[in-house]
Amino acid sequence: MRNFSFVFLVIFFFIDGTLAQIAPAPPVKVDNITSIFEKGGQFTTFIKLLKATQVADQLNNELSTPNPNDGLTIFAPSDDAFSGLKIGTLNSLSDREKLQLVQFHILPTLMSTSQFQTASNPLRTQAGDVEGGQFPLNVTATGNQVNLTTGVVNATVENTVYSDRRIAVYQVDRVLLPLKIFGTTPVPAPAPEVPDKDDSVPSPKASKGADTDSSGAMSLKFNSMVMVSFGFAVFWTIFWGL
């Protein structure tokens, strides 16, 4: 009986230890999206934009859903990426443009690095208007390198900041500037110059009149010479006749 109890205890502890090893680890709970960037230590400017536009609150509400449908993908520019912008770029934006700029860095779907190789361009961001060409974001992936282009800048995914079954955060080396906000406006062609009245070219009719006057003057001069010659001839004829 004692041997049976000992065997039973051994089997019980063995099964319990085995189940503990194969049990899946609980998912990491993300209560605050900014905590992901704060741990990274180099996303101060992006955190400020997330809070100022209230996108951080929106993302926290989406992540609090027990079973999100599509998840989220965030391209996070580092502080070095923001320092590459011209001075005053962010301050020159309206509140709406700042919101669109942040939303342009967020995909409403969860994408792994391997999925970028088969993604259909342009990617759909939370800024919207993909079909209109106002917020196009295209991705190309070769091996482990992922490149993004907006029509204004080209950026590279440098590393994965965080990922789980609901969200993936990737660090990018450039701020993704959308075409609608930062695209260049075509410069209108200059109007043709209108010549001054004083510098106007004489009309063909006027030139023709000038040519007629010139021809008349030459004809009058020629007739005068003929008359003079004829007078001399008559004079000499009378003179020799005498």
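Remember, it's a predicted structure, so these values are computed and weren't measured experimentally.

## What about the overall build of the chain?
Line of reasoning, step 1. On a plain count of helices and strands, the chain comes out with 8 helices and 6 strands.
Line of reasoning, step 2. By residue count, 28% of the 242 residues in the chain fall in the buried class.
Line of reasoning, step 3. As displayed, the chain has an accessible area near 16900 Å², and 58% of this comes from carbon and sulfur atoms.

## A look at the pattern of salt bridges
Line of reasoning, step 1. Within the structure shown, the criterion is met by 1 salt bridge.
Line of reasoning, step 2. Asp-164 serves as the salt-bridge partner of Arg-166, at 3.9 Å between the closest nitrogen and oxygen.
Line of reasoning, step 3. Arg-166 gets classed as buried once you look at its relative accessible area, which sits at 9%.
Line of reasoning, step 4. Residue Asp-164 is classed as partly exposed on the basis of its relative accessible area, which comes to 21%.

## What to know about the packing of aromatic side chains
Line of reasoning, step 1. By the definition in use, this model includes 6 aromatic pairs.
Line of reasoning, step 2. Taken together, a centroid distance of 5.6 Å and an interplanar angle of 65° make the contact between Phe-37 and Phe-43 edge-to-face. In this structure, Phe-37 and Phe-43 share a single accessibility class: buried.
Line of reasoning, step 3. When the ring of Phe-37 is compared with that of Phe-46, the centres are 5.4 Å apart and the planes differ by 85°; the resulting orientation is edge-to-face. The pair Phe-37 / Phe-46 is uniform in exposure class, with both members buried.
Line of reasoning, step 4. Through successive ring pairs, a cluster of aromatic residues spans Phe-37, Phe-43 and Phe-46.

Here is what the cut-offs are and how they apply
- Residues numbered from 1 in each chain as written.
- Predicted model: local features only at pLDDT ≥ 70, side-chain atom pairs only at ≥ 80, totals over all residues.
- Heavy atoms only, no water.
- Helix = DSSP H or I, 4+ residues; strand = E, 2+ residues; numbered from the N terminus.
- Buried < 20%, exposed > 50% of the residue type's maximum accessible area, 1.4 Å probe, protein only.
- Areas by Shrake-Rupley, 256 points an atom, 1.4 Å probe, with all protein chains shown as cover.
- Salt bridge = Lys/Arg side-chain N within 4 Å of Asp/Glu carboxyl O.
- Phe/Tyr/Trp six-rings, centres within 6.5 Å; stacked < 30°, edge-to-face > 60°.

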